[in-house]
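Structural overview
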Amino acid sequence: MSDAIEGATPGFLVWRLSMKWRVALDRALAPLGLTHAQYSLVASLLGMERAGLRPSQRALAEHTGLEALYVSKLARGLEAAGLVERAADPSDSRAVQLSLTVEGRAATGRAVEVVRQLVNGLLAPLGGLDGLDTEAFTQALTALLDVPVPAVTGSSKE
């Protein structure tokens, strides 16, 4: 472990790891014309479609952890690029449903393979994607994500 990280808090390490992975994913996806945020949207959309779902922008925002307004902006850009279709939800006139176009499915499939190879390399110290340590790491991350964010009370001046 580098001297700069020795003694670091868990929060700092999570931040550094997320930034390292984000930069690596952005670089790997750039030749495919996607950013990490766009990839998160189309890859999640692909998975949801494979499960038989046609999610609304809001449902996709909840799934990805992205802000609904940001998902809307990303979806508009992906629609302009011909990768995503946006359509009115027949059951809710205020909602917009998203789906991948044929081109979007093909592009997402290529991106998933690039990301899979990259993540396998990033997880090499834990045995790669199929490593036992990776499974334990995934379980620990899932447990942390399942914890509700506690309310923080502000300091009061007396």
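Computed from a prediction, not measured in an experiment: that's the story for all the values here.

Bridge count for strand 1 (residues 84-89) against strand 2 (residues 92-100) is six bridges, and the pairing is antiparallel. Bridge assignment links Ala87 to a residue of strand 2, and that residue is Gln97. Between strand 1 and strand 2, which follow one another and run antiparallel, lie two residues.

What follows covers the pattern of salt bridges. When their charged atoms lie close together, side chains carrying opposite charge are able to pair. Enumeration over the complete set of coordinates arrives at four salt bridges. With a closest N to O distance of 3.7 Å, Arg86 and Glu79 form a salt bridge. Across the pair Asp92 and Arg94 runs a salt bridge, and its minimum N-O distance is 3.3 Å. For Asp92, a relative accessible area of 24% puts it in the partly exposed group.

Attention shifts here to the packing of helix 2 (residues 36-50) against helix 4 (residues 68-80). Put simply, helix 2 and helix 4 touch, their axes get as near as 10 Å, and they point 85° apart. One element, helix 2, and the other, helix 4, form an angle in the roughly perpendicular class. Here Ala37, Gln38, Leu41 and Val42 of helix 2 come into contact with helix 4, specifically with Tyr70, Val71, Leu74 and Leu78. Residue composition of the contact of helix 2 with helix 4, by class: seven nonpolar, one polar and no charged.

Scored by pLDDT, the protein chain has a mean of 92; 95% of the residues are at 70 or more. Confidence scores differ between elements of the protein chain, with strand 2 showing the lowest mean pLDDT of 90 and helix 5 (residues 102-122) the highest of 97.

It is worth spelling out helix 5 at this point. The end-to-end C-alpha distance of helix 5, which contains 21 residues, comes to 30 Å, matching closely the 30 Å that a straight helix rising 1.5 Å per residue would cover. Every buried residue belonging to helix 5 is among Gly104, Ala107, Thr108, Ala111, Val115 and Val119, and all of these are buried. Projected down its long axis, helix 5 carries its buried residues within an arc of 100°, all on one side. Exposed residues pointing more than 90 degrees away from the buried face of helix 5 are listed as Val102 and Gln117. Next to the buried residues of helix 5 lie helix 1 (10-29), helix 2 and strand 2.

Quick notes on the rules
Residues numbered from 1 in each chain as written. Predicted model: local features only at pLDDT ≥ 70, side-chain atom pairs only at ≥ 80, totals over all residues. Heavy atoms only, no water. Pairing = 2+ DSSP bridges. Helix = DSSP H or I, 4+ residues; strand = E, 2+ residues; numbered from the N terminus. Salt bridge = Lys/Arg side-chain N within 4 Å of Asp/Glu carboxyl O. Buried < 20%, exposed > 50% of the residue type's maximum accessible area, 1.4 Å probe, protein only. Axes fitted to C-alpha atoms, helices over the stretch in contact; angles between N-to-C directions. Parallel < 35°, antiparallel > 145°, perpendicular 65-115°, else oblique. Contact = heavy atoms within 4.5 Å. Nonpolar A, V, L, I, M, F, W, Y, C, P; charged D, E, K, R; others polar. pLDDT = per-residue confidence, 0-100. Expected span 1.5 Å × (residues − 1). Arc of directions from axis to C-beta.

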